[in-house]
Amino acid sequence: MAKAKYASSGKVTKLVTVLSSHLTEFHFARVQFIGLFVIAVIKVGLGGLIQIATAFERNVECSSSLRRIERFLNHYNLDFKAITRLIVSLQGIDKWKDIVLCLDRSNWKVGKKNINILLLSAAYKNVSVPLIWSVFPKKGNSSTEERIELIERFLSIFPNLSISSIVADREFVGQKWFTYLSGKNFDFVMRLKSNFKATRKGKTKSIAAWCRGLAISETYHLEGVFIVNGVEVYLSVSRTQKGYIYLASPVFLENAFEIYKQRWEIETLFKALKTQGFKLENTKLTEPEKIAKLLALCSIAFVWCYKVGEWKHKKTKIRVCSNGYNEYSFFRYGLLEIKKILNNPMSKETKFNQKIKVLSME
């Protein structure tokens, strides 16, 4: 890795040291930029680029930092596969067993322009870790081709991960999609709409018609194999206070609903990246390539905050509120801890060093 001389704080240097051990093909100046940006986004979140530039810990004018950010967004060809490998390594995902992948999307508008993120993550302890993503300038559902491309891109980087299943919500359906998933060496658990047609022993009815009569809080696995979207699946149904949940899987899964519950963890991830964390939706940028780069840097910051939050919880338990829920997620707990250290000039260096050490822990 070639090195360049840029005046930056000791905190940035320590973070860069960790990142450099993983991003070995990156020029040193690029790794340093990533370190500067990660620390800045934890300090102030994503708003205008000037706000981020002001939070850069460099002994230069803000205008210089702003130009550096603009050059990165406008011209730098970021190696997203290397970022995925970095995230997997930092979080230790390559050592996990029976990984559950979550697929979902998030969208918002800036003026009249749509931003639509399709994201694949790995479920882990009440949250999902971002792995790989695509950004589109459109509204509405993703296409089957877009989903397949995203998954194949991930599997090309990690063909031998211990993946047990992939989960997704009702919009991720279709014959071509189900056929594709049926050909993989891992299971899927997909939620279905009630009006989907299911065929068994020559009889075709809506899924809702096959599943009538359940009591609230009751879960049931329908007997036999059904044809849905041209693919053989097993159906499971659960009735909640809000209605029915219908699931399809290629093999009988007694724990189908336990697996599917992990899909909600990607919702927690999106909250961390957006409203309850880095405020990704507040950026005024609209170009998909730039949003994808911001998401890459925020994903690195997310992993650091999550690991620190999990580590701190072992030392000082997160308070449980009267409603039975924790006051903070691990991510939020870690974000506040690192932010406090970064924004407090009186904070001891040893505290920051400990948080860097946590990032390196497996």
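For the structure itself, look to the data block above.
Please read all numbers here as calculations on a predicted model, not as lab measurements.

1. Brief notes about unusual backbone geometry
Comment: phi is negative for the bulk of residues other than glycine, and the bulk of peptide bonds are trans.
Part 1 of the reasoning: Its identity is not glycine, yet Asp98 carries a phi of approximately 55 degrees, on the positive side.
Part 2 of the reasoning: Structurally, Asp98 is set in the loop between α5 (80-91) and β1 (99-110).
Part 3 of the reasoning: Phi angles above zero are rare outside glycine, and Asn229 is one such case at about 55 degrees.
Part 4 of the reasoning: Take Asn229: it is sitting in the loop between β9 (226-228) and β10 (231-240).

2. Focus on the nonpolar core
Part 1 of the reasoning: By size, the foremost hydrophobic cluster in this structure holds 141 residues, and its most contacted members are Ile42, Phe278 and Trp304.
Part 2 of the reasoning: Setting aside residues up to four positions removed in sequence, Trp304 forms contacts with Leu15, Val38, Ile39, Ile42, Ile338, Phe352, Lys355, Ile356 and Leu359.

3. Some points on the state of the cysteines
Part 1 of the reasoning: Throughout the structure, instances matching the rule amount to zero disulfides.
Part 2 of the reasoning: Summary of cysteine pairing: Cys62 is not part of a disulfide, and the nearest cysteine sulfur, belonging to Cys298, is at 18 Å.

4. What to know about the side chain of Arg191
Part 1 of the reasoning: In this structure, Arg191 sits in strand β5 (residues 187-192).
Part 2 of the reasoning: Buried within the structure, Arg191 lacks any salt-bridge partner; Asp169 is the closest side chain of opposite charge, at an N-O distance of 4.1 Å.
Part 3 of the reasoning: From its side chain, Arg191 meets the backbone oxygen of Tyr244 in a polar contact 3.5 Å long.

5. So, the pattern of salt bridges
Part 1 of the reasoning: Scanning the model with the defined rule gives 18 salt bridges in all.
Part 2 of the reasoning: Note that Lys43 is salt-bridged to Glu57, the shortest N-O span being 3.3 Å. Remark: Glu57 occurs in the loop between α3 (49-55) and α4 (62-75) and Lys43 occurs in helix α2 (residues 28-44); sequence separation between them is 14 residues.
Part 3 of the reasoning: The closest approach of N and O atoms between Glu327 and Arg319, which form a salt bridge, is 3.3 Å.
Part 4 of the reasoning: Glu327 gets classed as partly exposed once you look at its relative accessible area, which sits at 36%.
Part 5 of the reasoning: We classify Arg319 as partly exposed; its relative accessible area is 48%.
Part 6 of the reasoning: Salt bridges sharing common partners tie together Asp104, Asp169, Arg170, Arg263 and Glu267.

6. Let's talk about the side chain of Glu310
Part 1 of the reasoning: Positionally, Glu310 belongs in helix α11 (residues 288-315).
Part 2 of the reasoning: According to the relative accessible area criterion, Glu310 is buried, its value standing at 11%.
Part 3 of the reasoning: With sequence-adjacent residues up to four places away left out, Glu310 is seen in contact with Tyr124, Lys125 and Phe330.

7. Re the pairing of strand β7 (residues 203-206)
Part 1 of the reasoning: Pairing of strand β6 (residues 197-200) with β7 involves four bridges; the strand directions are antiparallel. Bridging from a neighbouring strand, Ala198 pairs with Lys205 of β7.
Part 2 of the reasoning: Connecting β6 to the antiparallel partner β7 that follows it, the hairpin turn spans two residues, and Lys201 within it adopts a positive phi of roughly 55 degrees.

8. Quick look at the packing of helix α6 (residues 144-157) against helix α7 (residues 175-182)
Part 1 of the reasoning: Interaxial distance between α6 and α7 falls to 9 Å at its minimum, and their mutual angle equals 20 degrees. Classed by the angle they form, the pair α6 and α7 counts as roughly parallel. When the axes of α6 and α7 are compared, the crossing they make is right-handed. Here α6 contributes Thr144, Glu145, Arg147, Ile148, Ile151 and Glu152 to the contact with α7, which in turn contributes Lys176, Trp177 and Tyr180.
Part 2 of the reasoning: Within the contact of α6 with α7, the residues separate by chemical class into four nonpolar, one polar and four charged.

9. Here we look at the packing of aromatic side chains
Part 1 of the reasoning: One pass over the structure, following the stated rule, counts 19 aromatic pairs.
Part 2 of the reasoning: Measuring from centroid to centroid gives 6.4 Å for Phe302 and Tyr306, while their planes differ by 25 degrees, and the two rings are stacked. Here Phe302 pairs with Tyr306, and both are found in helix α11, just four residues apart, close to one helical turn. For the pair shown, Phe302 and Tyr306 are each scored as buried.
Part 3 of the reasoning: Members of the aromatic cluster, joined through ring pairs, are Trp96, Tyr124, Phe278, Phe302, Tyr306, Phe330 and Phe331.
Part 4 of the reasoning: Stacked on the ring of Phe136, the Lys or Arg Lys138 has its end atom at 5.3 Å from the ring centre.
Part 5 of the reasoning: The residue whose ring lies beneath Lys312 is Tyr333, and the NZ or CZ to ring-centre distance is 4.6 Å.

Reading the values: rules and limits
Residues numbered from 1 in each chain as written. Predicted model: local features only at pLDDT ≥ 70, side-chain atom pairs only at ≥ 80, totals over all residues. Heavy atoms only, no water. Helix = DSSP H or I, 4+ residues; strand = E, 2+ residues; numbered from the N terminus. Core = buried A, V, L, I, M, F, W, Y, C linked by side-chain atoms within 4.5 Å. Buried < 20%, exposed > 50% of the residue type's maximum accessible area, 1.4 Å probe, protein only. Contact = heavy atoms within 4.5 Å. Disulfide = S-S within 2.5 Å. Lys, Arg positive; Asp, Glu negative; His and termini not counted. Salt bridge = Lys/Arg side-chain N within 4 Å of Asp/Glu carboxyl O. Polar contact = N/O pair within 3.5 Å; in protein donor to acceptor, adjacent residues only side chain to side chain. Pairing = 2+ DSSP bridges. Axes fitted to C-alpha atoms, helices over the stretch in contact; angles between N-to-C directions. Parallel < 35°, antiparallel > 145°, perpendicular 65-115°, else oblique. Left-handed = near helix turned anticlockwise from the far one by under 90°. Nonpolar A, V, L, I, M, F, W, Y, C, P; charged D, E, K, R; others polar. Phe/Tyr/Trp six-rings, centres within 6.5 Å; stacked < 30°, edge-to-face > 60°. Lys NZ or Arg CZ within 6 Å of the ring centre and 35° of its normal.

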